[in-house]
Amino acid sequence: MLDTDALPGLSRSERGEALDGWLAGLLSEALERTPRPAPRRGTPAPTGTGVALVAVGSLGRRELPPYGDLDLVLVHDGRPEVGALADALWYPIWDAGLKLDHSVRTVAEAVSVAGGDVKAGLGLLDVRLVAGDAELAATLRTATLASWRQHAQLLLPQLRELRSGRGRQLGELSFLLEPDLKEAYGGLREGQVLRALAAAQLADEPPADAGEAYGFLLDVRDALRRASGRATDALVRQTQRPVAEALGLPDDDALLRRVSLAGRRLAFVTDETWRRVDAALVRRPRSRYRRVRREPLAEGLVRQGDEVVLARDAHPAADPGLVLRGAAAAARADLLLSPYTLKVLAVHAPPLPEPWPPEVRWSFLRLLASGRSAVAVVEQLDQEGLLSRMIPEWDRVRALPQRHPWHRFTVDRHLVEAAATAAELTRDVDRPDLLLVGALLHDIGKGWPGDHSVVGEGIAARIAARMGFPPPDVAVLAAMVRHHLLLPDTATRRDIDDPATVARVAGTIGGDPGLLQLLHALAQADGAATSASAWSPWKAHLVAALVARVHAHLVAAPAPGPVLEPTEPQVTAATPGLPGGGGTVTVGVQNVADGQQVTFGATDRPGLFSRCAGVLALSQLDVRAASISVTDGWATLIFAVRPRFGRAPVPEILADGLRAALEGTLPLADRLRQREVDYRQDGARSAPPRVSWHDAEVAAAASTIVEVRAGDRAGLLYRLTTALAEEGLDVTSARIETLGADALDSFYVCDPAGTAMDPDRRRRVEQALVAAVSGGAPEAAAEGKADTPG
């Protein structure tokens, strides 16, 4: 009797042996209950049982994971009672609580199905006898292999499209924070594809390191299923730590890094193999007898077909620059280095002299300047270990995961993507060589403890010196790495119309317009290589506006106009229900970069800013920046917003909402509280908020900046501004940034009396902000207990 509860805890080999023995017993019992009819008179008695139970899929490969399905085929030679025999076999499996994928076929039927269905053909390549007629099973295996090879030209393009489609849908295993170990590109399916291509006799057997990567992913899947107690291939965040512990790895980041390396290796080998297969499938029958044209590309390198190979007179062992020269030539021609050439270079290429000779550095820059074509070539160098030989620090960031939801790639791939994007911006700067290298190294410090910008400054300086850059250029590259976040962080978290903000940025870069130019291009490349969320049109607009102001400051030119300009009112609503007597509310909406700008106008009164924020939150509008000005008792509030669900703001609805909020007929706190409950159900985190003060970054002595980092939620801006108003502070402007599930809100605040805040008052403000984030009631300020417009 099979102990199904014990199966998940067994090793793969033990699990397979236990199931094989049990299934063999079931087939034996089924054959006893359904004996084969006697042959007709004059018909020779058949030899063997005429039935074979074969395993396919993971069971056929002896890789069945815990809680995996049994893929079984009952092969027969046409015996009429096979239906009863199958029932006697399948029902005990179902009764044992095991999942079963089954079929009953003759050899001819199985081959016919496999010849027209790529999934069926792929599965039958793993056929393995479990019990029964060994000769029949061998006949099936021989026939399916022959069919697979015969129909390769039809089935293999379908297989490639199938895997490409799954890759587009699920992403690449090596870059996902919660990868599907089986179906993501570079996952377990790729190991099966490699064996299928070898079975078609169009490619060699997978190399040993690809087999090791595949075996590691099998181990991860087994540990994952044991940890979760169910059949799953998705390595989600909450299961990563127990899986890492089960595999003896230090932590979940170490696990994700190993998974990334395994997936990247499988994807790389698969891509190389597909290129060989594609060439074989399109080759004309007589083309192999024709002489292949060899076109010179660079010293020691020629183009042969669609690859770059070594010339006959090349001397890899005596030519240190050959690796980068070949990589640059391949990328510039939008080609790849041949696998054989890569291996020869990996074995024979000597170390680069230090510092690099000018021609080697020039080849490296030409490689980076190739843009998108360079990404695949750099990956080739990385996979053969050549990149780490040239830049040993690269190993510290190789396949290093980035837990931030904005990031699409591991650290090393992000750096390569940033350099590829920077190649499109080289005509915007005076030193394109520094831009390319700076983009490649800007996050190099993430491989070490500490602030990666600070740590990376020294690392980048060492690498740049090794590359042979002169000391002034080394200093610029180090400054680019140190300050690569200066512009985007300042633009999104500070008031860029504040002269103190502009002066601080100018001082940080040492008043160097050339460095400002490089940092602007680097910010664009970094953001674009991160994700669309990290580099939206609005963020690009803010960074460009900040750069324009800093440049004007450096050259003593007039400063550009304000970023947030009032919009002409489109709707005016009377507010007769206000306690102090009538008044009006005006609203104007204007389309701007990646969203809209909403301008409210109203008589200055307590709690006005927070009410406007609450009305915008009810309209599903995310605020990204805000400013307020008061002239002769009339307040103008400008909000840069983005619709959360794509619905543009309607001025009439906003005007009615603000009117009702001011009159007290719209209970903002109650309405937003329900929205907050719904928003938390979407997974907002409950980590404690952080409040920080930044006095030195504003010009006015009585003003300061207070930053609040907290879990994002609907109505958060309303709660925070209400808390500030209740503490008697004016909000003059705000910058709102959403970082995944977190919000980073920066408020320029001042005391209406013009006095600086003492430590005791700051503690009270911090407590009020923390209480607001935690859900403290904001009704007090909304009822008019504060005496500030903010």
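Residues numbered from 1 in each chain as written. Predicted model: local features only at pLDDT ≥ 70, side-chain atom pairs only at ≥ 80, totals over all residues. Heavy atoms only, no water.

What follows deals with the sheet that holds strand 2 (residues 70–76). Ordered in space as 3-2-1-4, the four strands form an open sheet in which the pairing is mixed. Only two strands of the sheet have a single partner each, and these edge strands are strand 3 (100–106) and strand 4 (128–132). Adjacent strand axes in the sheet meet at a mean angle of 25° when their direction is disregarded. Where strand 2 meets strand 3, seven bridges bridge the pair, whose relative direction is parallel. Bridging across to strand 3, Val73 finds its partner in Ser103. Seen against the sheet, helix 1 (residues 12–33) touches strand 1 (51–55), strand 2 and strand 4 and runs at an angle of roughly 40° to strand 4. Sheet strands in contact with helix 6 (residues 134–150) are strand 1, strand 2 and strand 4, and its direction is about 55° off that of strand 1. (Pairing = 2+ DSSP bridges. Helix = DSSP H or I, 4+ residues; strand = E, 2+ residues; numbered from the N terminus. Axes fitted to C-alpha atoms, helices over the stretch in contact; angles between N-to-C directions. Contact = heavy atoms within 4.5 Å.)

Glancing now at the confidence of the model for the protein. Taken as a whole, the protein shows an average pLDDT of 89; of its residues, 92% reach a score of 70 or greater. Taken together, the stretch residues 678–685 has pLDDT below 50 and engages in 10 contacts with residues farther than four places along the chain or on a different chain. Every residue in residues 777–790 is under pLDDT 50, and counting partners more than four places away or in other chains gives 45 contacts. (pLDDT = per-residue confidence, 0-100.)

A sheet is described by the order of its strands in space; here nine strands give the open sequence 9-10-11-13-12-16-17-15-14, paired in antiparallel fashion. Strands with a single pairing partner mark the edges of an open sheet, and in this sheet they are strand 9 (571–574) and strand 14 (690–693). For this sheet the average axis-to-axis angle between neighbouring strands, irrespective of direction, equals 15°. Relative to strand 13 (residues 634–643), strand 11 (residues 595–603) runs antiparallel, the two sharing eight bridges. The residue bridging Gln597 from the neighbouring strand is Ala640, located in strand 13. The strands that helix 21 (residues 486–493) touches are strand 15 (703–711), strand 16 (730–739) and strand 17 (742–750); relative to strand 16, the one it contacts most, it runs at about 130°. Its contacts with the sheet place helix 29 (residues 759–774) against strand 14 and strand 15, and it is angled at close to 145° to strand 14.

Interhelical geometry of helix 8 (residues 188–199) versus helix 11 (residues 252–282) gives an angle of 30° and a closest axis separation of 10 Å. Between helix 8 and helix 11, the angle is such that the two are roughly parallel. Our pair here, helix 8 against helix 11, has a crossing hand that is left-handed. The segment helix 8 lies against helix 11, with Glu190, Gly191, Val193, Leu194 and Leu197 engaging Leu266, Val269, Thr270, Thr273, Trp274 and Val277. Taken together, the residues of the contact of helix 8 with helix 11 break down into seven nonpolar, three polar and one charged. (Parallel < 35°, antiparallel > 145°, perpendicular 65-115°, else oblique. Left-handed = near helix turned anticlockwise from the far one by under 90°. Nonpolar A, V, L, I, M, F, W, Y, C, P; charged D, E, K, R; others polar.)

Looking now at the pattern of salt bridges. For the coordinates displayed, the defined rule picks out 51 salt bridges. The shortest N-O distance in the salt bridge between Arg195 and Glu63 comes to 3.9 Å. Taken as a pair, Arg195 in helix 8 and Glu63 in the loop between helix 2 (57–60) and strand 2 lie far apart in primary sequence, 132 residues in all. Using a relative accessible area of 8% as the deciding quantity, one classes Glu63 as buried. The salt bridge involving Arg275 is made with Glu272; its shortest N-O contact spans 3.1 Å. (Salt bridge = Lys/Arg side-chain N within 4 Å of Asp/Glu carboxyl O. Buried < 20%, exposed > 50% of the residue type's maximum accessible area, 1.4 Å probe, protein only.)

Within the fold, Ser453 resides in helix 19 (residues 452–466). Its relative accessible area of 5% is what places Ser453 among the buried residues. Beyond its immediate chain neighbours, meaning those up to four positions away, Ser453 contacts Val481, Arg482, His484 and Leu485.

All right, on to unusual backbone geometry then. Put simply, Glu354 and Pro355 share a cis peptide bond, and its omega is -5°. Mapped onto the elements, Pro355 comes out in the loop between helix 13 (339–348) and helix 14 (358–369). In the Ramachandran plot, Gln201 falls in the positive-phi region, its phi being about 60° despite a non-glycine side chain. Note that Gln201 resides in the loop between helix 8 and helix 9 (208–228). You will see that Gln620, though not glycine, has its phi angle at about 60°, which is positive. Relative to the helices and strands, Gln620 resides in the loop between helix 25 (608–618) and strand 12 (621–631).

The next thing to look at is the packing of helix 11 against helix 15 (residues 372–383). Taken N-terminus to C-terminus, the directions of helix 11 and helix 15 make an angle of 115°; their axes are 11 Å apart at the nearest point. Relative to helix 15, helix 11 is oriented so that their crossing is left-handed. Of the residues in helix 15, those touching helix 11 at Arg264, Arg265, Phe268 and Glu272 are Glu379, Gln380, Asp382 and Gln383. The residue makeup of the contact of helix 11 with helix 15, split by class, is one nonpolar, two polar and five charged.

Before going further, it helps to examine the packing of aromatic side chains. According to the stated counting rule, one finds five aromatic pairs in the structure shown. Between the aromatic rings of Tyr91 and Trp94, the centroid separation amounts to 5.2 Å while the plane-to-plane angle is 85°, which identifies the pairing as edge-to-face. Of this pair, Tyr91 and Trp94 both sit in helix 3 (residues 82–95), three residues apart, which is roughly one turn of that helix. With a relative accessible area of 47%, Tyr91 lands in the partly exposed category. Of the residues examined, Trp94 reaches a relative accessible area of 36% and is grouped as partly exposed. (Phe/Tyr/Trp six-rings, centres within 6.5 Å; stacked < 30°, edge-to-face > 60°.)

In this model, helix 20 (residues 471–482) (12 residues) spans 16 Å end to end at C-alpha, consistent with the 16 Å of a helix rising 1.5 Å per residue. Where helix 20 is concerned, the buried positions are Asp473, Val474, Leu477, Ala478, Ala479, Met480 and Val481. Of the surrounding elements, those touching the buried residues of helix 20 are helix 18 (432–441), helix 19 and helix 23 (513–530). (Expected span 1.5 Å × (residues − 1).)

This part takes up the environment of Gly57. The residue Gly57 is located in helix 2 in this model. Judged by its relative accessible area of 13%, Gly57 is buried. Linking Gly57 and Gly450, residues 393 residues apart in sequence, is a C-alpha distance of 47 Å. Sequence-distant contacts of Gly57, that is, excluding residues within four places in its chain, are made with Asp71, Gly123 and Asp126.

Let us look at the layout of surface pockets. Estimates place the volume of the largest pocket at around 1,400 Å³. Lining the largest pocket we find 47 residues, and of these Leu485, Asp489, Arg493, Arg709 and Leu739 sit closest to its centre. Going through the elements one at a time, helix 19, helix 21, helix 22 (499–508), helix 23, strand 14, strand 15, strand 16 and strand 17 are the ones with two or more residues in the lining of the largest pocket. Residue contributions to the lining of the largest pocket peak at five residues, all from helix 21. A per-class count over the lining of the largest pocket returns 14 nonpolar, 14 polar and 19 charged. Estimated volume of the second largest pocket: approximately 1,000 Å³. Every residue lining the second largest pocket is counted, 40 residues in all, and those nearest its centre are Asp71, Asp101, Lys119, Gly123 and Arg189. Looking at the lining of the second largest pocket, the elements with two or more residues in it are helix 2, strand 2, strand 3, helix 4 (107–116), helix 5 (118–124), helix 7 (152–170), helix 8 and helix 9. (1 Å grid on protein atoms, 1.4 Å probe; cavity = no way out; pocket = protein on both sides within 12 Å on 5 of 7 lines; lining within 4 Å. Points joined across faces, edges and corners; volume = space filled by probe spheres on them.)

In this structure, Asp180 sits in the loop between helix 7 and helix 8. Apart from the residues within four sequence positions on either side, Asp180 is in contact with Leu170, Leu173, Asp233 and Ala234. There is a polar contact of 3.0 Å between the side chain of Asp180 and the backbone nitrogen of Lys182. Polar contacts involving the side chain of Asp180 include one to the main-chain amide nitrogen of Glu183, which spans 2.9 Å. (Polar contact = N/O pair within 3.5 Å; in protein donor to acceptor, adjacent residues only side chain to side chain.)

What follows deals with the pairing of strand 7 (residues 307–310). Of the pairings in the sheet, the one linking strand 6 (residues 301–304) to strand 7 comprises four bridges and is antiparallel in character. Counted as the bridge partner of Val302 is Val309 from strand 7. Judged from the two bridges that link them, strand 7 and strand 8 (residues 336–337) form a sheet pairing that is parallel. Bridge pairing in strand 8 places Glu307 opposite Leu336. Once the chain exits strand 7 it traverses helix 12 (residues 322–332) before rejoining the sheet at strand 8, and the crossover so formed is right-handed. (Right-handed = clockwise from strand over helix to strand, strands pointing away.)

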